[in-house]
Amino acid sequence: MEARASRPPSFSVSVGGGGGFGGARGDDSAFSFLSKGWREVRDSATADLRLMRARADSLRTLADRELEHLLASASASAPPPPQPLAAGAPIAELEFVRTRIQPKISELRRRYASQERELGRRVLEGWAPRGAGGPARARVDLSGITAIRNAIVSEAGVGERWRRAAWSGEAEADEGKEWEVVRMIRDGIKEFERRSQTSEIFEGLRSTGEFVEKFKSSLKSFNMESQESKEVPPLDVTEILANLVRQSEPFLDQLGIRKDQCDRLVEALYRKQNHSLSEDTSLLENANSSDELDLRIASVLQSTGYRADDGFWSEPAKYEVSDNKRHVAIVTTASLPWMTGTAVNPLFRAAYLAKGTKQDVTLVVPWLCKSDQELVYPNSMTFSSPEEQETYIRNWLEERLGFESDFKISFYPGKFSKERRSIIPAGDTSQFIPSREADIAILEEPEHLNWYHHGKRWTDKFNHVVGVVHTNYLEYIKREKNGAFQAFLVKHINNWVTRAYCDKVLRLSAATQDLPKSIVCNVHGVNPKFLKIGEKITADRESGEPSFSKGAYFLGKMVWAKGYRELIDLMAKHKSDLEGFKLDVYGSGEDSQEVQSTARKLDLSLNFFKGRDHADNSLHGYKVFINPSISDVLCTATAEALAMGKFVICAEHPSNEFFMSFPNCLTYKTSEEFVVRVKEAMDREPQPLTPEQRYNLSWEAATERFMEYSDLDKVLNNEVVQSGQAGTRNKMRRTSQPNLSDIMDGGLALAHRCLTGSEVLRLATGAIPGTRDYDKQHCVDMGLLPPQVQQPVYGW
């Protein structure tokens, strides 16, 4: 398989920026805390008042039920009259209850209701603000409890007086002879009075007690926080300077000051102090100066009661995570049938990620109009519609996978740049992913995708954004005219866009530019077909059949930057040392004629053939694969040759560090060592790969590494993205202090959007004319509405 050599934009303008920030005064922080305590006390008092009202309503309901019960019992249980003279007595007693008791009960209810309203009015007046020029002051009016008690006692006294008056005449007329109904009514009213006095008084006292306890606890917590704030010493000048330097690392990097220099300066400033950060020493285990400084700042800010919201601007609504599957969108810069790394590797990544049960996967690839297809795709292959190209991609993948892939393929408009030898997105690529699926984004070549990105910020639309760096653009651009100056600009532009648009960046090897938020890890595997070829060769060798019948070869796109310059220089310098050694070269590209003519002039033993798939049967018999390139990030052809059980001879370079652990990988530092390695490989047989080595080359292992180093496994499990002390530091930042890094990232994204919105600036930095939006031909091919409508949808 060939790997492409795309070139970055030739930036000729320099962009700088700055920013500032401010802090809240201590008075505002104290006032915010008092206001918060005041709201808690007020809410507690309101809840207590509602509880008292509910108790009063319950008491009235109980009284009504008791009266109805007494009347029903009197009517049902009245005994027959003992003599004719007393026959009208039960009727008289019932009439007495109806005419005397019921009005008194109704009067009692009215008076209690009026007393309740008076109590509510007094409590609300007690909580009302005092004065128009200052904040409201909390005043607890406990006179309402006394009013409740007096009302109940007075009502009890009234009830006692009218009860005595009602029964005094009967007692004088006939002592010792009371009607059963009268006795029941009297006992019921006594029980009613007892319940009303005891339950209401105690309930009121209990509610008041709860209110007072809550108020005391609020005052106590305020006092404790005030004491704690006095125990933590404030930040001094050196600590403030250390934090300022650390937060300004992205800006200082734009000025050429390296990160390690900033770290040393931060450590020198902070180590001059020796404050106690925390009583919990476990937080400081394995913590560096930056971690300790974070905890120190967090402790000071927490002691003042200050809290900061996450982010500088309020973020728009994102994809809401639910119990359903998560969504992963893989956006890349190339597509089959162009046999380049950013077309093949993201395709396999999508297939293997789709095997997981926790996520649905969508592969987003560029769509080229026919005029561009003829320039990019081999053998003048063209497609009339995205559906036709999707069918080709799936058929190609099914021939190489041992399982059925289940993922979606979608397209975004793109244009091919002859000067850059790359596909540049046309329009806002992020809007071709619907919001209902904008959860996790994987940007293959994030710097390439965002050079001229004029659209929504990826981290604003997605919950987690991972960038995978494929190409060493700085190495390519240094080979061009004015390469040093252009490389300087491209380096800082790459820092800019990756910091503004990614949460995490994975670099395939240390040969790439050191980008912000990045980590080095090989997250690529090899086509399963190559591993099967290697297994077959091992089986043939064990059975006694010849495994390799040919010598050495080199395969790659025929452009000077893909290692052809180094290959010709080595062969020309050691022509006499390598006498009789012949090398077959397979490749096609823009520099084919120039490369071949140079080799003929130097009379080198190189045989040139057209480029072909690395899995072609004609390449299985070669024993040695030679790759002198130092411009690759991680050469896919090298991994494929190792998977097939061949020797690989390559330079001792960061791009080949992953392969050095394999015994069949022979590296060299000098041209003399190159000659030694060639002779060594031609004289002996390669070692068979162990099961562990084969697994390390597979896409299963690469997917596991990707899930781990991109934090995708933690995101899918809704865990904290960062781990260890870094996670503690970030958590403390989010909850305690303004994150100036997020502010700077947002400012960089805003500035980049403003600059890429100008067509003049786009053209000055090498953009393809008219790529800020897609054109009419894209609308026809993809069934899109005009860009003015802003509703580009395909595949959903």
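Residues numbered from 1 in each chain as written. Predicted model: local features only at pLDDT ≥ 70, side-chain atom pairs only at ≥ 80, totals over all residues. Heavy atoms only, no water.

Identification of the chain as Digalactosyldiacylglycerol synthase 1, chloroplastic from Urochloa decumbens is taken from an unreviewed UniProt entry. Its UniProt record gives the chain the following Sequence similarities (unreviewed entry) comment, quoted word for word: "Belongs to the glycosyltransferase group 1 family. Glycosyltransferase 4 subfamily." According to the UniProt record, the Subcellular location (unreviewed entry) comment for the chain reads "Plastid, Chloroplast outer membrane". (UniProt positions renumbered as here; feature names shortened; annotations may be inferred.)

A. Inspection of the packing of helix H5 (residues 237-247) against helix H7 (residues 259-270) at higher detail. Closest axis-to-axis distance for the H5/H7 pair is 8 Å, and the angle between their directions is 165°. As judged from the angle between their axes, H5 and H7 are roughly antiparallel. Crossing hand, H5 versus H7: left-handed. Listed contacts from H7 to Thr238, Glu239, Leu241, Ala242, Val245 and Arg246 of H5 are Cys262, Leu265, Val266, Leu269 and Tyr270. For the contact of H5 with H7, the class distribution of residues is 8 nonpolar, 1 polar and 2 charged. (Axes fitted to C-alpha atoms, helices over the stretch in contact; angles between N-to-C directions. Helix = DSSP H or I, 4+ residues; strand = E, 2+ residues; numbered from the N terminus. Parallel < 35°, antiparallel > 145°, perpendicular 65-115°, else oblique. Left-handed = near helix turned anticlockwise from the far one by under 90°. Contact = heavy atoms within 4.5 Å. Nonpolar A, V, L, I, M, F, W, Y, C, P; charged D, E, K, R; others polar.)

B. The arrangement of the pattern of salt bridges in detail. In this structure the tally under the stated criterion is 18 salt bridges. With a closest N to O distance of 3.4 Å, aspartate 514 and arginine 507 form a salt bridge. The exposure class of aspartate 514 is exposed, given its relative accessible area of 57%. Among the ionic pairs, lysine 669 bridges to glutamate 652, the shortest N-O distance being 3.8 Å. Of this pair, lysine 669 sits in the loop between strand E14 (665-668) and helix H20 (671-683) while glutamate 652 sits in the loop between strand E13 (647-651) and E14, and the two are 17 residues apart along the sequence. The partly exposed category is assigned to glutamate 652, whose relative accessible area is 41%. (Salt bridge = Lys/Arg side-chain N within 4 Å of Asp/Glu carboxyl O. Buried < 20%, exposed > 50% of the residue type's maximum accessible area, 1.4 Å probe, protein only.)

C. The arrangement of a nonpolar patch on the surface in detail. Together, Val237, Leu241 and Leu244 line one region of the surface with nonpolar side chains, adding up to about 260 Å² of accessible area. Summarising the element assignment, valine 237 is placed in helix H5. Here valine 237 falls in the exposed class, since its relative accessible area comes to 60%. (Patch = residues over 30% accessible without salt bridge, like charges linked within 9 Å, V, L, I, M, F, W, Y side chains within 5 Å. Areas by Shrake-Rupley, 256 points an atom, 1.4 Å probe, with all protein chains shown as cover.)

D. Seen up close, the nonpolar core. If you look at the biggest cluster of nonpolar residues, it comprises 137 residues, and the most contacted ones within it are Phe407, Trp458, Leu583, Ile626, Ile649, Phe674 and Phe706. With sequence-adjacent residues up to four places away left out, phenylalanine 674 is seen in contact with Leu570, Leu578, Ile626, Ile649 and Tyr668. (Core = buried A, V, L, I, M, F, W, Y, C linked by side-chain atoms within 4.5 Å.)

E. The sheet that holds strand E9 (residues 550-555), seen in detail. Reading across the sheet, the 6 strands line up as E11-E10-E9-E12-E13-E14 and stay open at both edges, with parallel pairing between neighbours. Of all strands in the sheet, those with a lone pairing partner are strand E11 (606-609) and E14, marking the two edges. Recorded for the sheet is a direction-independent mean angle of 25° between the axes of neighbouring strands. The pairing of E9 with strand E12 (residues 622-627) spans 3 bridges and is parallel. Counted as the bridge partner of alanine 552 is valine 624 from E12. The sheet strands contacting helix H17 (residues 564-573) are E9, strand E10 (583-586), E11, E12 and E14, and the helix crosses E10 at an angle near 165°. Of the strands in this sheet, E9, E12, E13 and E14 touch H20, which is tilted by about 160° from E14. (Pairing = 2+ DSSP bridges.)

F. Representation of the side chain of arginine 762 within the structure. Here arginine 762 lies in helix H26 (residues 759-764). Discounting chain neighbours no more than four positions away, the residues touching arginine 762 are Tyr452, His454, Thr756, Ala767, Thr771 and Arg772.

G. View of the state of the cysteines. What the rule picks out here adds up to 0 disulfides. In this structure cysteine 779 is not part of a disulfide, and its nearest cysteine sulfur, from cysteine 369, lies 9.6 Å away. Residue classification places cysteine 779 among the buried positions, given a relative accessible area of 15%. (Disulfide = S-S within 2.5 Å.)

H. Geometry of unusual backbone geometry. Here the amide bond leading from leucine 336 into proline 337 is cis, since omega sits at 10°, within 30 degrees of zero. Note that proline 337 resides in the loop between strand E1 (326-331) and helix H9 (341-353). Although it is not a glycine, serine 380 sits at a positive phi angle of roughly 55°. Among the structural elements, serine 380 can be located in the loop between helix H10 (370-376) and helix H11 (386-398). Its identity is not glycine, yet aspartate 711 carries a phi of approximately 65°, on the positive side. The exposure class of aspartate 711 is buried, given its relative accessible area of 5%.

I. Region of the structure containing the packing of aromatic side chains. Taken as a whole, this structure holds 20 aromatic pairs when the rule is applied. Residues tryptophan 338 and phenylalanine 416 carry aromatic rings whose centres are separated by 6.3 Å and whose planes lie at 85° to one another, so their mutual orientation is edge-to-face. On the criterion of sequence distance, the pair formed by tryptophan 338 in the loop between E1 and H9 and phenylalanine 416 in strand E3 (residues 408-417) is long-range, its members being 78 residues apart. Judged by relative accessible area, tryptophan 338 falls into the buried class, the value being 8%. Exposure remark for phenylalanine 416: the relative accessible area of 14% places this residue in the buried category. Between tyrosine 352 and phenylalanine 403, the ring centres sit 5.2 Å apart and the planes meet at 80°, which makes this aromatic pair edge-to-face. Within this pair, whereas tyrosine 352 is found in helix H9, its partner phenylalanine 403 is found in the loop between H11 and E3, the two being separated by 51 residues in sequence. You can call tyrosine 352 buried: its relative accessible area is 7%. (Phe/Tyr/Trp six-rings, centres within 6.5 Å; stacked < 30°, edge-to-face > 60°.)

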